[in-house]
Amino acid sequence: MKETVPGITTGEFVSNSPDETLDYGQQLGSRLVGGEILLLSGPLGAGKTLFVKGICAALGIAEDEVTSPSFTLVNTYSGSLQLYHIDLYRLDELRELASLGLDEIFDRDALVLIEWGERFPQILPEKRTEIRIRAVGDDEREIQVTSLP
């Protein structure tokens, strides 16, 4: 494991339970300073939103306030950092992204978490951290963290 972006340790981790996934999100969230863009990928039910809840908890955002933005597309939260939680799962075409104002969001000194962003790689900032979550059992997850330039 190595740290290439301040506060973010890259490598592969194993979570043995939903509580561990939440806890790992909290650990990561406690080291973020704003301006980071995190791309979360994995199949439905892998634990992406649970991981986001952990990050939010570290920023002082109540876990029960955090929901998947699957239908709203963008949820905004204010804690110790401004956070944008974006979900692109329901979008099919690049033109549908125009109304979201992603360029403006990316330019802010906020934390940006994007689920299903791999569906539109052309809109993603070059500098980002990718977090892939994969179920390997009922509760066990592999979490792979990679930072790009």
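As a convention, each chain's residues are numbered from 1 in the sequence order in which they are written. Reporting in this predicted model follows two pLDDT cut-offs: at least 70 for local features of residues, and 80 or more for side-chain atom pairs to be given and counted; totals over whole chains, interfaces and linings ignore these cut-offs and use all residues. The basis for every side-chain value is the complete set of heavy atoms in the structure, and neither hydrogens nor water enter the calculation.

A separate point is the environment of G45. Among the secondary structure elements, G45 is positioned in the loop between β3 (37-41) and α2 (48-58). In this scheme, a residue with accessible area under 20% of its type's maximum is buried, one over 50% is exposed, and one in between is partly exposed, where area comes from a 1.4 Å probe on protein chains only. By relative accessible area, which is 62% here, G45 ends up exposed. Considering only alpha carbons, one finds G45 and A135, 90 residues apart in sequence, at a separation of 8.3 Å. Secondary structure elements follow DSSP: runs of H or I no shorter than four residues count as helices, runs of E no shorter than two count as strands, and numbering proceeds from the N terminus.

Axis geometry follows a simple rule: fit a line to the C-alpha atoms, using only the stretch in contact for helices, then measure angles between N-to-C directions, giving values from 0 to 180 degrees. Two numbers describe how helix α1 (residues 18-29) lies on α2: the axes approach to 7 Å, and their chain directions differ by 45°. Viewed along their axes, α1 and α2 adopt a mutual orientation that is oblique. Crossing geometry of α1 relative to α2 is assigned as right-handed. Of the residues in α2, those touching α1 at P18, T21, L22, Y24, G25, Q26, L28 and G29 are L50, F51, K53, G54, I55, A57 and A58. The class makeup of the residues in the contact of α1 with α2 is nine nonpolar, five polar and one charged. Convention used here: angles under 35 degrees read as roughly parallel, angles over 145 as roughly antiparallel, angles from 65 to 115 as roughly perpendicular, and any remaining angle as oblique. We call a crossing left-handed when the near helix sits turned anticlockwise from the far one by less than a right angle, and right-handed when that turn is clockwise. The contact rule is simple, with two residues in contact once any of their heavy atoms fall within 4.5 Å. Amino acids outside the nonpolar list (Ala, Val, Leu, Ile, Met, Phe, Trp, Tyr, Cys, Pro) and the charged list (Asp, Glu, Lys, Arg) are all regarded as polar, and Gly is one of them.

A few words now on a negative patch on the surface. Within this analysis, patches are made of residues with over 30% relative accessible area and no salt bridge. Like charges are joined at 9 Å or less; nonpolar side chains (Val, Leu, Ile, Met, Phe, Trp, Tyr) at 5 Å or less. For the accessible areas, the method is Shrake-Rupley and the probe is 1.4 Å, while residue cover comes only from the protein chains on display. Salt bridges are counted wherever a side-chain nitrogen of Lys or Arg sits within 4 Å of a carboxyl oxygen of Asp or Glu. Residues counted as positive are Lys and Arg, residues counted as negative are Asp and Glu, and His and the chain ends are not counted. Think of each charge as sitting on NZ of Lys, CZ of Arg, CG of Asp or CD of Glu. On the surface, a cluster of negative charge is contributed by D19, E20, D23, E63, D64 and E65. Overall, D23 belongs to the partly exposed group, its relative accessible area being 34%.

A separate point is the pairing of strand β5 (residues 82-87). Extensive coverage of β5 is indicated by the burial of five of its six residues. Between the end of strand β4 (residues 74-78) and the start of β5, which pair antiparallel, lie three residues. Two strands qualify as a pair provided DSSP detects at least 2 bridges between them. As paired strands, β5 and strand β6 (residues 111-115) are joined by five bridges and run parallel to one another. Along β6, the bridge assignment pairs I86 with I114.

In this structure, D92 sits in the loop between β5 and α3 (102-107). Residue D92 is classed as exposed on the basis of its relative accessible area, which comes to 58%. Taking C-alpha positions, D92 is 20 Å from K48, a pair spaced 44 residues apart along the chain. What D92 contacts, discounting residues up to four positions off in sequence, is R119 and F120.

Before going further, it helps to examine the nonpolar core. Counting residues in each nonpolar core, the largest one holds 24 residues, and the members touching the most others are L38, F51, I55, L111 and I131. The greatest single-element share of this core, amounting to four residues, is contributed by α2. Among the buried residues, those of types Ala, Val, Leu, Ile, Met, Phe, Trp, Tyr and Cys that are joined through side-chain atoms within 4.5 Å form a nonpolar core. Among the nonpolar cores identified, the runner-up in size contains 18 residues, and I37, V112, W116 and F120 belong to it.

Located in the positive-phi region is L73, a residue other than glycine, with phi close to 75°. Here the phi dihedral of W116 falls at roughly 65°; this positive angle occurs in a residue that is not glycine. Relative to the assigned elements, W116 resides in the loop between β6 and β7 (128-135).

So far we have only geometry, and geometry alone does not tell us how the molecule works.
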